[in-house]
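# Working through the structure, step by step
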Amino acid sequence: MSHTSAVARASSPAPPSGSHRFSSVINQIAEEMNTLDDHGTPADYIPMLADADPRRFGMAVAEPDGTVYGVGDWRQPFSTQSISKVFALALALSLDGGQLWQGVGREPSGNPFNSLVQLEYENGIPRNPFINAGALVVTDRLQVLTGDAAGQVRDLLRTESGNAAIDFVPQVAASEAAYGDRNAALAHFMASYGNITLPVPALLAAYFRQCSIEASCADLALAAGFLARGGVRADGAALLSRSQAKQVNAVMLTCGTYDAAGEFAYRVGLPGKSGVGGGIIAIVPGVCTLCVWSPGLDKRGNSVAGVSALDRFTTLTGLSVF
Ligand code: GLN
């Protein structure tokens, strides 16, 4: 039985359910995910996320023309968390070009996303923009450039997805702030090296707001479309140059799933970015963007069913960057 449903963002009528290029593949994957033995455990260090049901699963595909379709809970908003870091990075690069790379590197860290250890012997310069320390640097720069980093990320998600209802969830931001000692430690430590411009409390507030944005698989698959279109936004304007889009995809491939990035590249073979809300976006350049959501995580903070579903997608379709 086919579960796929679809919407077309433009005014053109949606084709009948199940008729899209990858409909039958994602229906098959959703059925397979139902039978997984272990769905992992929702993030417990952010209390607002801890109650999610690890068996929930959604998957959406967005094609470069803005058609989006999906299966399961693909329209269910969830906490984007670290997926928001891709959009913050794209905005910072679009506004500030290569300047950003003076304060953050582009190498995999091989360490957990919230690790402190590398920062001291690398003089307060985080390895990459997707571990928390690096994302704090990006949000710091974006806040200085725009005055409202989190608002800019939310607005980019809104325009690219066509969903004006995408917004912050203040309770999630507050819950993260209440358990935010580690992020505060990272920010203070980098500030001691002069690698943070804002007062640390203001930076943390912007970062937690950015991470608290809720969006669905459909929204995020559409919003990441510029990375499958060589930097071109939904309305045809350039957000990034083709070369910058390649750079963001490369950093996603090598760093987007933290200390599991090697395994993710091995299994999935696509640029991807996970968040502890259980979402993962993945890019098939020129072909489509994918977003999966299932709140049960593995030990490295990546969705168990999410990684597995993307693994199956590239295996069944033969599509990957390799
Ligand atoms: N907001 C989370 C944190 O800072 C994001 C981490 C993640 O999604 N990996 O801990």
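For the structure, see preceding data.
## Considerations on unusual backbone geometry
- For glutamine 81, which is not glycine, the phi torsion reads 45 degrees and is therefore positive.
- Examined against the element boundaries, glutamine 81 turns out to sit in the loop between strand S4 (78–79) and helix H2 (84–96).
- For glutamine 81, a relative accessible area of 2% corresponds to the buried category.
- With a phi close to 60 degrees, tyrosine 258 is a non-glycine residue in the positive phi region.

## Quick look at the pattern of salt bridges
- Enumeration over the complete set of coordinates arrives at 12 salt bridges.
- Salt-bridge contacts for arginine 154 lead to aspartate 155; the nearest nitrogen and oxygen are separated by 3.2 Å.
- Of the residues examined, arginine 154 reaches a relative accessible area of 17% and is grouped as buried.
- For aspartate 155, a relative accessible area of 34% translates into the label partly exposed.
- Residue arginine 267 pairs with aspartate 311 through a salt bridge whose shortest N-O separation is 2.9 Å. With a gap of 44 residues between them, arginine 267 in helix H12 (residues 261–267) and aspartate 311 in helix H13 (residues 304–317) connect regions that are remote in the sequence.
- Classification of arginine 267 as partly exposed rests on a relative accessible area of 30%.
- The class for aspartate 311 is buried, based on a relative accessible area of 16%.

## So, the packing of aromatic side chains
- Applying the stated criterion to the full structure yields seven aromatic pairs.
- Considering the side-chain rings of tyrosine 45 and phenylalanine 113, the 6.2 Å spacing of their centres and the 40 degrees angle between planes classify their relative orientation as tilted. Of this pair, tyrosine 45 sits in the loop between helix H1 (23–34) and strand S2 (58–62) while phenylalanine 113 sits in the loop between H2 and helix H3 (117–121); the two residues are 68 residues apart in sequence, bridging distant segments of the chain.
- Classification of phenylalanine 113 as buried rests on a relative accessible area of 11%.

## Details of the side chain of threonine 80
- Counting through the fold element by element, threonine 80 comes out in the loop between S4 and H2.
- Exposure remark for threonine 80: the relative accessible area of 1% places this residue in the buried category.
- At 2.8 Å, the side chain of threonine 80 and the backbone oxygen of isoleucine 213 are in polar contact.
- Discounting chain neighbours no more than four positions away, the residues touching threonine 80 are Gln210, Cys211, Ile213, Glu214, Ala215, Leu220 and Gly275.

Conventions adopted
- Residues numbered from 1 in each chain as written.
- Predicted model: local features only at pLDDT ≥ 70, side-chain atom pairs only at ≥ 80, totals over all residues.
- Heavy atoms only, no water.
- Helix = DSSP H or I, 4+ residues; strand = E, 2+ residues; numbered from the N terminus.
- Buried < 20%, exposed > 50% of the residue type's maximum accessible area, 1.4 Å probe, protein only.
- Salt bridge = Lys/Arg side-chain N within 4 Å of Asp/Glu carboxyl O.
- Phe/Tyr/Trp six-rings, centres within 6.5 Å; stacked < 30°, edge-to-face > 60°.
- Polar contact = N/O pair within 3.5 Å; in protein donor to acceptor, adjacent residues only side chain to side chain.
- Contact = heavy atoms within 4.5 Å.

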